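Coordinate inspection notes
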Amino acid sequence: MEFSTHYLLMADHAMLQKLVMSRIKPLGLTTGQPKVLDFLQDHDGAMQKDIAQGCHIEPSSLSTILGGMERAGLLERSTRDENRRTVYVRLTDLGREQCRRLNDIFAAAEEEALRGFSPQEMQQVQTLLERIYRNLNN
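What counts and how
Residues numbered from 1 in each chain as written. Predicted model: local features only at pLDDT ≥ 70, side-chain atom pairs only at ≥ 80, totals over all residues. Heavy atoms only, no water. Helix = DSSP H or I, 4+ residues; strand = E, 2+ residues; numbered from the N terminus. Salt bridge = Lys/Arg side-chain N within 4 Å of Asp/Glu carboxyl O. Buried < 20%, exposed > 50% of the residue type's maximum accessible area, 1.4 Å probe, protein only. UniProt positions renumbered as here; feature names shortened; annotations may be inferred. Pairing = 2+ DSSP bridges. Core = buried A, V, L, I, M, F, W, Y, C linked by side-chain atoms within 4.5 Å. Disulfide = S-S within 2.5 Å. Patch = residues over 30% accessible without salt bridge, like charges linked within 9 Å, V, L, I, M, F, W, Y side chains within 5 Å. Areas by Shrake-Rupley, 256 points an atom, 1.4 Å probe, with all protein chains shown as cover. Axes fitted to C-alpha atoms, helices over the stretch in contact; angles between N-to-C directions. Parallel < 35°, antiparallel > 145°, perpendicular 65-115°, else oblique. Left-handed = near helix turned anticlockwise from the far one by under 90°. Contact = heavy atoms within 4.5 Å. Nonpolar A, V, L, I, M, F, W, Y, C, P; charged D, E, K, R; others polar.

With a phi angle near 60°, His 56 is a residue other than glycine that sits in the positive phi range. Turning to its location among the elements, His 56 is positioned in the loop between α3 (48–55) and α4 (59–71).

The following block contains the structure:
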């Protein structure tokens, strides 16, 4: 049976998301939080608007996600004297620990998804996915 490209992209995303979320559940994280933690580990201290853009989340939805993460002790939000309207977000020690756990979960999920692929095929998949991302992220 042959599937269309859009079906395969959506189905692969849904299956990977389901796999990852089932493994994340014991960490007590909710939808949206893993993506934010993943972004912050490379952009700690980022402005809230940059997190929304980098995670492809609406600013109003992000505000709700960040509030839950702040209450859980995963991050801290602050402003700086020169611009009180700009909110900066930093990981706490607990947030960094959750990032380490997430990295293990993400790596295991990728390994499972790419099982049987040669190193060259894995690089090809990476290259093609990056091209798709660039095409859609304009």
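Text resumes after the structure shown.
Summed over all chains, the structure comprises eight salt bridges. Linking Glu 112 and Arg 23 is a salt bridge whose minimum nitrogen-to-oxygen distance equals 2.7 Å. Pair noted here: Glu 112 is in helix α5 (residues 93–113) and Arg 23 is in helix α1 (residues 5–24), with a separation of 89 residues, a long-range link. Residue classification places Arg 23 among the partly exposed residues on the basis of a relative accessible area of 31%. One salt bridge in this structure joins Arg 101 and Glu 97, with 3.5 Å as the shortest N-O distance. Placement of the pair is Arg 101 and Glu 97 together in helix α5, with a separation of four residues, close to one helical turn. Classification of Glu 97 as partly exposed rests on a relative accessible area of 27%.

A few words now on the UniProt feature "domain: HTH marR-type" (unreviewed entry) in the protein. Residues annotated by UniProt as "domain: HTH marR-type" (unreviewed entry) correspond here to residues 1–134. Segment residues 1–134 splits into 66% helix and 13% strand. End C-alpha atoms: 29 Å apart.

Here the focus is the pairing of strand β3 (residues 83–91). One ladder, built from two bridges, connects strand β1 (residues 46–47) with β3; its direction is antiparallel. Bridge pairing in β3 places Ala 46 opposite Val 89. Bridge count for strand β2 (residues 75–80) against β3 is five bridges, and the pairing is antiparallel. Its bridge partner lying in β3, Leu 75 is registered against Leu 91.

Below, the discussion takes up the nonpolar core. The nonpolar side chains of a soluble globular protein tend to be buried with one another. Val 36, Leu 37, Leu 40, Ile 51, Leu 62, Leu 66 and Met 69 are the most contacted members of the largest nonpolar core, which totals 25 residues. Where this core is concerned, the elements lending two or more residues are α1, α2 (33–42), α3, α4, β3 and α5.

The strands making up a sheet associate through backbone hydrogen bonding, with each pair oriented either parallel or antiparallel. Pairing within the open sheet is antiparallel, and its three strands lie in the order β1-β3-β2. Strand pairing shows two members of the sheet lacking a second neighbour, β1 and β2, which therefore form its edges.

Counting across every chain of the model gives zero disulfides. No disulfide involves Cys 55; its sulfur sits 11 Å from the nearest other cysteine sulfur, which is in Cys 99. Look at Cys 55 and you get buried, because its relative accessible area is 3%.

With that settled, the discussion passes to a nonpolar patch on the surface. The grouping of Met 1, Phe 3, Tyr 7 and Leu 8 at the surface amounts to a nonpolar patch, some 480 Å² of accessible area in total. You can see Phe 3 is positioned in the segment before α1.

Our next topic: the packing of α2 against α3. Between α2 and α3, the least distance of the axes is 10 Å, while the angle of their chain directions is 115°. The orientation of α2 with respect to α3, classified from their angle, is roughly perpendicular. Between α2 and α3 the crossing geometry is right-handed. Between α2 and α3, the contacting residues are Lys 35, Val 36, Phe 39 and Leu 40 on the first element and Asp 50, Ile 51, Gly 54 and Cys 55 on the second. The residue makeup of the contact of α2 with α3, split by class, is five nonpolar, one polar and two charged.

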